[in-house]
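Fold and geometry: a report
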Amino acid sequence: MGSATEATKDISENLLGHKKVTVVFVLGGPGSGKGTQCANIVEHYGFTHLSAGDLLRAEIKSGSENGTMIQNMIKEGKIVPSEVTIKLLQTAILESGNDKFLIDGFPRNEENRAAFERVTGIVPEFVLFFDCSEEEMERRLLGRNQGRVDDNIETIKKRFKVFVESSLPVVEHYESLGKVKRIDAAKPIPEVFEDIKVIFSSLASKVMKLVIISS
Ligand SMILES: Nc1ncnc2c1ncn2[C@@H]1O[C@H](COP(=O)(O)OP(=O)(O)O)[C@@H](O)[C@H]1O
Ligand SMILES: Nc1ccn([C@@H]2O[C@H](COP(=O)(O)OP(=O)(O)O)[C@@H](O)[C@H]2O)c(=O)n1
Ligand SMILES: [Mg+2]
């Protein structure tokens, strides 16, 4: 699949339930290591990484009319209305030309979750959940040094509260569907990736089996 037109066709087929787009939601608290490990997964398993936070920050930089609203929400650790984030994700999916996506930092609340399913018709293959203590996440965020407006102790505390109150219920929803693969994200980066490899290698062999059975 090369052109954006072909990608559009792919997505609409997914909406119609014909052709499959593989989506893995990558969830976990701020600083749990989602972005770091997504880069590793992309390198080894050919997924396209879509970070909702990165897309929102790029939207601010682009001078979009929503820029000021998004900037204010991020500074306060609040969750941007799903219509904005879903639009950015949809465009990135269509432009990628790929059919395998890691959607990182989304859905972050019930509104994100329900709207994405309704609008795209996409159901995640599974949810990769990064389990890490607040103490460790706080240490990592304060050392991240990417010049982010939200990596300060005041905003970090607000983000932890939003995570517990709004994001964990989404994880619990997928847990009730048996879709959560939980990772101990407190370990060093290479060890976390070893655990992730086990999950993605078995996904790759499952896809291979499907190809063999259907051909
Ligand atoms: N397993 C780990 N152990 C120690 N530091 C980590 C680990 N994973 C990521 N980091 C560091 O912690 C910070 C936050 O990681 P990041 O991947 O941006 O997390 P998230 O996207 O979940 O907020 C970064 O500076 C990163 O280098
Ligand atoms: N689905 C999302 C994802 C991020 N965001 C906003 O973007 C901020 C940063 O998200 P991020 O995913 O880059 O943050 P990390 O978890 O990577 O530290 C969040 O605190 C929210 O303000 C959002 O509103 N909706
Ligand atoms: Mg991140």
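Bear in mind that the values here come from a model prediction, so they are computed numbers and not experimental data.

Quick notes on the rules
Residues numbered from 1 in each chain as written. Chains lettered and ligands numbered in written order. Predicted model: local features only at pLDDT ≥ 70, side-chain atom pairs only at ≥ 80, totals over all residues. Heavy atoms only, no water. Helix = DSSP H or I, 4+ residues; strand = E, 2+ residues; numbered from the N terminus. Areas by Shrake-Rupley, 256 points an atom, 1.4 Å probe, with all protein chains shown as cover. Phe/Tyr/Trp six-rings, centres within 6.5 Å; stacked < 30°, edge-to-face > 60°. Buried < 20%, exposed > 50% of the residue type's maximum accessible area, 1.4 Å probe, protein only. Near = heavy atom within 4 Å. Polar contact = N/O pair within 3.5 Å; in protein donor to acceptor, adjacent residues only side chain to side chain. Nonpolar A, V, L, I, M, F, W, Y, C, P; charged D, E, K, R; others polar. UniProt positions renumbered as here; feature names shortened; annotations may be inferred. Contact = heavy atoms within 4.5 Å.

1. Considering the overall build of the protein
Along the backbone of the protein there are nine helices and five strands. For the protein, the sequential pattern of α-helices and β-strands runs α-β-α-β-α-α-α-β-α-β-α-α-β-α. Here the protein displays about 11,300 Å² of accessible surface, and carbon together with sulfur accounts for 54% of that area.

2. Quick word on the packing of aromatic side chains
What the rule picks out here adds up to seven aromatic pairs. When the ring of Phe-25 is compared with that of Phe-116, the centres are 5.7 Å apart and the planes differ by 65 degrees; the resulting orientation is edge-to-face. Of this pair, Phe-25 sits in strand 1 (residues 22–28) while Phe-116 sits in helix 6 (residues 110–120), and the two are 91 residues apart along the sequence. On the accessibility criterion, Phe-25 (1% relative accessible area) is buried. A relative accessible area of 1% means that Phe-116 is categorised as buried. The structure contains a cluster of three or more aromatic residues connected by ring pairs, namely Phe-25, Phe-106, Phe-116 and Tyr-174.

3. Here we look at the site of ligand 1
Lining the immediate environment of ligand 1, one finds 14 residues, of which Gly-31, Lys-34, Thr-36, Arg-144 and Lys-187 sit closest. A distance of 3.4 Å separates a nitrogen atom of ligand 1 from a polar atom in the backbone of Ile-189. In the complex, the protein chains occlude 77% of the 560 Å² of accessible area that ligand 1 would expose alone. A total of three residues in the shell around ligand 1 trace back to one element, the largest contributor, which is helix 2 (residues 34–45). Its residues assigned to classes, the shell around ligand 1 shows four nonpolar, six polar and four charged.

4. Some words on the UniProt feature "binding site: a ribonucleoside 5'-phosphate" (unreviewed entry) in the protein
When the UniProt feature table is mapped onto this chain numbering, "binding site: a ribonucleoside 5'-phosphate" (unreviewed entry) sits at Arg-57, Lys-78, Ile-79, Val-80, Gly-105, Phe-106, Pro-107, Arg-108, Arg-148 and Arg-159. Structurally, the position occupied by Pro-107 is in the loop between strand 3 (100–104) and helix 6. Classification of Pro-107 by relative accessible area gives buried; the value is 1%. Not counting residues up to four positions away in its chain, the partners in contact with Pro-107 are Phe-25, Leu-27, Asn-112, Arg-113, Val-170 and Tyr-174. Mapped onto the secondary structure, Arg-108 falls in the loop between strand 3 and helix 6. Arg-108 gets classed as partly exposed once you look at its relative accessible area, which sits at 29%.

5. A word on the site of ligand 2
Near ligand 2 lie 20 residues; those nearest to it are Lys-34, Arg-57, Lys-78, Val-80 and Arg-159. For ligand 2, an oxygen atom lies 2.9 Å from a polar atom in the side chain of Arg-57. Between ligand 2 and Arg-144 there is a distance of 3.0 Å, counted from an oxygen atom to a side-chain nitrogen or oxygen. Look at ligand 2: alone it shows 530 Å² of surface, and the protein chains cover 96% of it. The element contributing the most residues to the shell around ligand 2 is helix 3 (residues 52–61), with four residues. Grouping the constituent residues of the shell around ligand 2 by class yields eight nonpolar, four polar and eight charged.

6. So, the environment of Asp-104
Summarising the element assignment, Asp-104 is placed in strand 3. Exposure remark for Asp-104: the relative accessible area of 6% places this residue in the buried category. Taking the C-alpha atoms as reference points, Asp-104 and Gly-28, separated by 76 residues in sequence, lie 9.0 Å from one another. Aside from chain neighbours lying at most four places away, what touches Asp-104 is Val-26, Lys-34, Gly-35, Cys-38, His-49, Leu-50, Ser-51 and Ala-52.

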